[in-house]
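One letter stands for each residue in the lines below.
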Amino acid sequence: GAGVSQSPRYKVAKRGQDVALRCDPISGHVSLFWYQQALGQGPEFLTYFQNEAQLDKSGLPSDRFFAERPEGSVSTLKIQRTQQEDSAVYLCASSLAGQPQHFGDGTRLSIL
Amino acid sequence: AQRVTQPEKLLSVFKGAPVELKCNYSYSGSPELFWYVQYSRQRLQLLLRHISRESIKGFTADLNKGETSFHLKKPFAQEEDSAMYYCALLAGTALIFGKGTTLSVSS
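Predicted model, so just to flag it, every value in this text is computed and none were measured.

Let us look at the overall build of chain A. Looking only at helices and strands, chain A features zero helices and 11 strands. Shown N-terminal to C-terminal, the secondary structure of chain A runs as helices and strands in the order β-β-β-β-β-β-β-β-β-β-β. Here the C-alpha atoms of chain A give a radius of gyration of 13 Å, agreeing with the 13 Å that 2.2 N^0.38 yields for 112 residues. Viewed in the frame of its principal axes, chain A has a C-alpha envelope of about 35 × 25 × 25 Å. Scored against the burial criterion, the 112 residues of chain A give a buried share of 46%. A sequence separation of at least 24 residues applies to 51% of the contacts in chain A between residues at least 6 apart. Across chain A, the mean location of the 11 positive side-chain charges is 7 Å away from that of the 11 negative side-chain charges.

Our next topic: the nonpolar core. Of all hydrophobic cores here, the largest spans 24 residues; its most connected members are Trp-35, Leu-47, Leu-48, Phe-70, Leu-72 and Tyr-85 of chain B. Those elements giving two or more residues to this core turn out to be strand 2 (10-14), strand 3 (19-21), strand 5 (33-38), strand 6 (45-49), strand 9 (83-91) and strand 11 (101-106) of chain B. A total of four residues in this core trace back to one element, the largest contributor, which is strand 9 of chain B. Contact partners of Phe-70 of chain B, with chain neighbours within four places excluded, come to Cys-23, Leu-33, Phe-34, Trp-35, Leu-48, Arg-49, His-50, Ala-61, Asp-62, Leu-63 and Cys-87 of chain B. Within the second largest apolar cluster, 20 residues are counted, among which are Val-4, Ala-13, Trp-34 and Phe-49 of chain A.

So, about the pattern of salt bridges. The tally for this structure, following the rule as stated, stands at nine salt bridges over all chains. For Asp-86 of chain A, the salt bridge goes to Arg-64 of chain A, with nearest N and O atoms at 2.8 Å. Of the two residues, Asp-86 of chain A sits in the loop between strand 8 (75-79) and strand 9 (88-95) while Arg-64 of chain A sits in the loop between strand 6 (53-56) and strand 7 (65-68), which places them 22 residues apart along the sequence. Taken as a pair, Asp-86 of chain A and Arg-64 of chain A share a single burial class, namely buried. In this structure, Lys-73 of chain B and Glu-20 of chain B form a salt bridge, with 3.7 Å as the shortest nitrogen-oxygen distance. Residue Lys-73 of chain B is found in strand 8 (residues 72-74), and its partner Glu-20 of chain B is found in strand 3; the two are separated by 53 residues along the sequence. The partly exposed category is assigned to Lys-73 of chain B, whose relative accessible area is 40%.

Residue and element names in this part refer to chain A. Among the structural elements, Leu-112 can be located in the segment after strand 11 (107-111). Assessed through its relative accessible area of 61%, Leu-112 is described here as exposed. Counting along the chain gives 91 residues from Leu-112 to Leu-21, while the straight-line C-alpha distance between them is 17 Å. If near-sequence neighbours (up to four positions away) are discounted, Leu-112 is found in contact with Val-12, Ala-13, Lys-14, Arg-15 and Gln-84.

Residues and elements named next belong to chain B. With antiparallel pairing, the three strands of this open sheet are ordered in space as 3-8-7. At either end of the open sheet lies a strand with only one pairing partner, and these are strand 3 and strand 7 (60-61). The sheet contact formed by strand 3 and strand 8 spans three bridges and is antiparallel. Its bridge partner being in strand 8, Leu-21 is matched across the sheet by Leu-72.

A word on the pairing of strand 3 (residues 19-24) of chain A. Residues and elements named next belong to chain A. Only one face of strand 3 is buried, namely the one carrying Val-19, Leu-21 and Cys-23, since none of Ala-20, Arg-22 and Asp-24 on the opposite face is buried. Across three bridges, strand 1 (residues 5-7) lies against strand 3 in antiparallel orientation. In the strand pairing of strand 3, Ser-5 is matched with Asp-24. Note that strand 3 and strand 8 share five bridges and pair antiparallel. Of the residues in strand 8, the one forming a bridge with Ala-20 is Lys-78.

Turning our eyes to something else, we now look at unusual backbone geometry. The omega torsion of the bond from Ser-7 of chain A to Pro-8 of chain A falls at -10°, within 30 degrees of zero and hence cis. Residue placement: Pro-8 of chain A occurs in the loop between strand 1 and strand 2 (10-13). Its identity as a non-glycine residue notwithstanding, Thr-68 of chain B has a phi of 45°, on the positive side. Inspection of the secondary structure assignment puts Thr-68 of chain B in the loop between strand 7 and strand 8.

About the thresholds
- Residues numbered from 1 in each chain as written.
- Chains lettered and ligands numbered in written order.
- Predicted model: local features only at pLDDT ≥ 70, side-chain atom pairs only at ≥ 80, totals over all residues.
- Heavy atoms only, no water.
- Helix = DSSP H or I, 4+ residues; strand = E, 2+ residues; numbered from the N terminus.
- Rg over C-alpha atoms; globule rule 2.2 N^0.38 Å.
- Buried < 20%, exposed > 50% of the residue type's maximum accessible area, 1.4 Å probe, protein only.
- Contact = heavy atoms within 4.5 Å.
- Lys, Arg positive; Asp, Glu negative; His and termini not counted.
- Charge placed at Lys NZ, Arg CZ, Asp CG, Glu CD.
- Core = buried A, V, L, I, M, F, W, Y, C linked by side-chain atoms within 4.5 Å.
- Salt bridge = Lys/Arg side-chain N within 4 Å of Asp/Glu carboxyl O.
- Pairing = 2+ DSSP bridges.

Remember that the coordinates give geometry; whether it matters functionally is a separate question.
Shown next, in the form of structure tokens:
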């Protein structure tokens, strides 16, 4: 596709459930980023991949958050045992090396 | 500490009026700064980056290292400029965003 694709667009889960969010970057983009955007805030960095290597995961808020990009293309962000504070929009971005990041539409996660 | 501050949550102007969206940053290295825009029901998209020094949709932004600012300006606002604007700082590989300013342009 022409842009970064994220699915699902909306996800509702009960507290304690596990969720998986998918990101399909722009073809050929080696860099992939995940951000979390709480209501009324700017996006906050979670983690960064260069191809399949996760080079920075300093922004992951707890060990319940896990991200992978096994073949250097599609990435999945998994949240285990979800809590209400995990409710947010999760944004994925991709880029060529050293170039600006292109964002997807995001997944809006609501934890009940 | 690395930080981006956008002091205005909302900026309301009339069509044809000048616009200035403020952005201040804190960064120990050589900063690379961006403005991203999010129109209603659309994804976040790059508006401009300081190193390219270009004007997009009539907007410009100049990096002022002395004042640690990167304010976004447009001489004559249009209704289609109404959107959420985020200033962002590249820290290593990750972007640090401000909280955003909603620009509302009315006729």
